Amino acid sequence: MKMKAAVLYEQGKEHPFTETKPLVVEELDLDPPGDDEVLIKTGAAGLCHSDLSMIAGIMERKVPMVPGHEAAGVVMEVGKDVTQCKVGDHIVMSFVPICGECEYCITGRPNLCITAFNARATGALVNGNRRLSLDGEPVYHTNGVSCYAEYMVACQDSVIVIDKDVPMVDAALFGCAVVTGVGAIVNTAKISPGSTIAVVGLGGVGLCAVFGGVLAGAGRIIAVDIADDKLGLARQLGATDTFNASDADCVDKVVEATKGGVDYAFEVAGVVEAMQTAYSITRRGGTTVTSGLSHLEHKFEIPHAQLVVDERTIKGSYMGSSIVRQDVPKFIDLYRQGKLPVDKLRSGNIGLADLNHGFDKLARGDAVRQMLVMHDEFDA
Ligand SMILES: NC(=O)c1ccc[n+]([C@@H]2O[C@H](COP(=O)([O-])OP(=O)(O)OC[C@H]3O[C@@H](n4cnc5c(N)ncnc54)[C@H](O)[C@@H]3O)[C@@H](O)[C@H]2O)c1
Ligand SMILES: [Zn+2]
Ligand SMILES: [Zn+2]
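Quick caveat, the model's predicted, so the values are computed rather than measured.

A. Structural detail: the coordination of the zinc ion (ligand 2). The protein atoms that coordinate the zinc ion (ligand 2) are Cys 48 (SG), His 69 (NE2) and Cys 176 (SG), at distances spanning 2.0 to 2.3 Å. The sequence pattern describing where the donors of the zinc ion (ligand 2) fall on their chain is C-x20-H-x106-C. Pair noted here: Cys 48 is in the loop between strand E3 (37–46) and helix H2 (49–56) and His 69 is in the loop between H2 and strand E4 (71–78), with a separation of 21 residues, a long-range link.

This is the structure:
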């Protein structure tokens, strides 16, 4: 079938993207789903900082590709071997497909699925197939999702069935921002009630970490960002204290306010400076968790002896260490109870033609989560 999609032909273009135009709307060919694949009508797709990093070339990918990894949609067609979903189901996409068979999947760590990791570098679906093309030339997939497109063909390993009462523009957020941010708190760190936490970087993912802190009963939630409006929003969403990281005394102020630092600090900005801040405000015996994805070559230095004598822990958190088939429905239940008000993270809906402008806004820090909506019936 023919469909409209955004294509990234070249990584590394700088913003303003409205001038350099890294994303081009094209009419692509989408092949029908194979035996273990599904055709999905895209309901909504989020603009996450990881997409911005792919455009900027901070994360290397095979191009030309259709970007986008945070999405929800409706199943239109299924291959003959599909058991995970049926036509008409509403689904959230998992940006790590779950092969179910590798050493990570079978030991309860599907977010580290090695089959998915290997497929990502080739720009194919997790089963090795490619379904996108333009004039007979290949166009690659992003993390098995590629949701900046009216339709997606994905492996059943990439879909999580959800209830039908969740608006697509909210549901999409559960595929990345929610599992990553809330998951870092409840799965990676497993914070105990009453503990003092800090979240450094308050975009869509960081604000979900603030939600996670509230849910897990953190005693104090310290929010840190370089933008004052993000600090204000974090306060509305449950942060108890806010500090601006551009203030040269920021670290000292947090350490003083917490009498020695926080029990858990979460880096969610994706820059080494933020990791430095997060590590420096973690108390003796405490844990620093990082979800941010900076440039592959960037390094973070730590004083070796301090790590030992302070018994510090540093943990990476990918996809919030989530088991998505279990966590997404659980988090959606919390949303329904009003405990995960993800709608407050939305910064308006946009169309395919507005994507370059949308990424300029994200790069400038002028938006939290803008949602791409390509079919009128999902424009909530
Ligand atoms: N680990 C994962 O599985 C995973 C999943 C999704 C996103 N990510 C990564 O998480 C990071 C955040 O994503 P997002 O979509 O929320 O981004 P975003 O652009 O919406 O938010 C980033 C925030 O960090 C702030 N910031 C920048 N520099 C800072 C500094 N030095 N100190 C404090 N705050 C600073 C910005 O002002 C902004 O509010 C990105 O690096 C993204 O690639 C990781
Ligand atoms: Zn993301
Ligand atoms: Zn696997």
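B. Molecular detail of the coordination of the zinc ion (ligand 3). With distances of 2.4 Å, the protein atoms coordinating the zinc ion (ligand 3) are Cys 99 (SG), Cys 102 (SG), Cys 105 (SG) and Cys 113 (SG). Considering all four donor atoms around the zinc ion (ligand 3), angles at the metal cover 103 to 116 degrees and the coordination shape is tetrahedral. Between the donor residues of the zinc ion (ligand 3), the gaps in sequence give the motif C-x2-C-x2-C-x7-C. Taken as a pair, Cys 99 and Cys 102 share a single burial class, namely buried.

C. Representation of the environment of Gln 337 within the structure. Relative to the helices and strands, Gln 337 resides in the loop between helix H11 (324–336) and strand E16 (346–350). A C-alpha to C-alpha distance of 36 Å links Gln 337 and Glu 103, two positions 234 residues apart in sequence. A distance of 3.0 Å separates polar atoms of two side chains, one belonging to Gln 337 and the other to Lys 339.

D. How the structure looks around the sheet that holds strand E12 (residues 241–244). If you walk across this open sheet you meet the six strands as E12-E11-E10-E13-E14-E15, and the pairing is parallel. Since the sheet does not close on itself, it has two edges, and those belong to E12 and strand E15 (313–316), each with one partner. Sheet twist, expressed as the mean angle between neighbouring strand axes with direction ignored, is 20 degrees. In this structure, strand E11 (residues 220–225) lies alongside E12, joined through four bridges in parallel fashion. When the sheet's bridge partners are listed, Ala 223 is paired in E12 with Thr 242. Packing against the sheet, helix H7 (residues 228–236) makes contact with E11 and E12, and its axis sits at approximately 170 degrees to E12. The strands touched by helix H8 (residues 250–257) within the sheet are E11, E12 and strand E13 (262–267), with E12 carrying the most contacts at an inclination of about 160 degrees.

E. Broad picture of the pattern of salt bridges. Applying the stated criterion to the full structure yields 18 salt bridges. With a shortest N-O distance of 3.1 Å, Arg 336 and Asp 163 are connected by a salt bridge. Of this pair, Arg 336 sits in helix H11 while Asp 163 is found in the loop between strand E9 (159–162) and helix H4 (168–171), placing the two residues 173 residues apart along the sequence. A relative accessible area of 45% means that Asp 163 is categorised as partly exposed. Of the charged contacts, one joins Asp 310 and Arg 284 as a salt bridge, the two residues approaching to 2.9 Å between their closest N and O atoms. Here Asp 310, found in the loop between helix H10 (304–309) and E15, pairs with Arg 284, found in strand E14 (residues 282–290); they are 26 residues apart in sequence, far enough to count as distant. Accessibility expressed as a relative area gives 59% for Arg 284, which makes it exposed.

F. Geometry of the packing of helix H5 (residues 177–189) against H11. Running from N to C, H5 and H11 cross one another at 100 degrees; their axes reach a closest spacing of 11 Å. Taken as axis vectors, H5 and H11 run roughly perpendicular relative to one another. Taking contact as the criterion, the partners of Val 178, Val 179, Val 182, Val 186 and Asn 187 in H5 are, on H11, Val 324, Asp 327, Val 328 and Phe 331. The residue inventory of the contact of H5 with H11, partitioned by class, reads seven nonpolar, one polar and one charged.

About the thresholds
- Residues numbered from 1 in each chain as written.
- Chains lettered and ligands numbered in written order.
- Predicted model: local features only at pLDDT ≥ 70, side-chain atom pairs only at ≥ 80, totals over all residues.
- Heavy atoms only, no water.
- Donors = N, O, S within 2.8 Å, 3.2 Å for Na, K, Ca; no water.
- Helix = DSSP H or I, 4+ residues; strand = E, 2+ residues; numbered from the N terminus.
- Tetrahedral: all angles 85-135°; square planar, octahedral: opposite > 155°, others 65-115°.
- Buried < 20%, exposed > 50% of the residue type's maximum accessible area, 1.4 Å probe, protein only.
- Polar contact = N/O pair within 3.5 Å; in protein donor to acceptor, adjacent residues only side chain to side chain.
- Pairing = 2+ DSSP bridges.
- Axes fitted to C-alpha atoms, helices over the stretch in contact; angles between N-to-C directions.
- Contact = heavy atoms within 4.5 Å.
- Salt bridge = Lys/Arg side-chain N within 4 Å of Asp/Glu carboxyl O.
- Parallel < 35°, antiparallel > 145°, perpendicular 65-115°, else oblique.
- Nonpolar A, V, L, I, M, F, W, Y, C, P; charged D, E, K, R; others polar.

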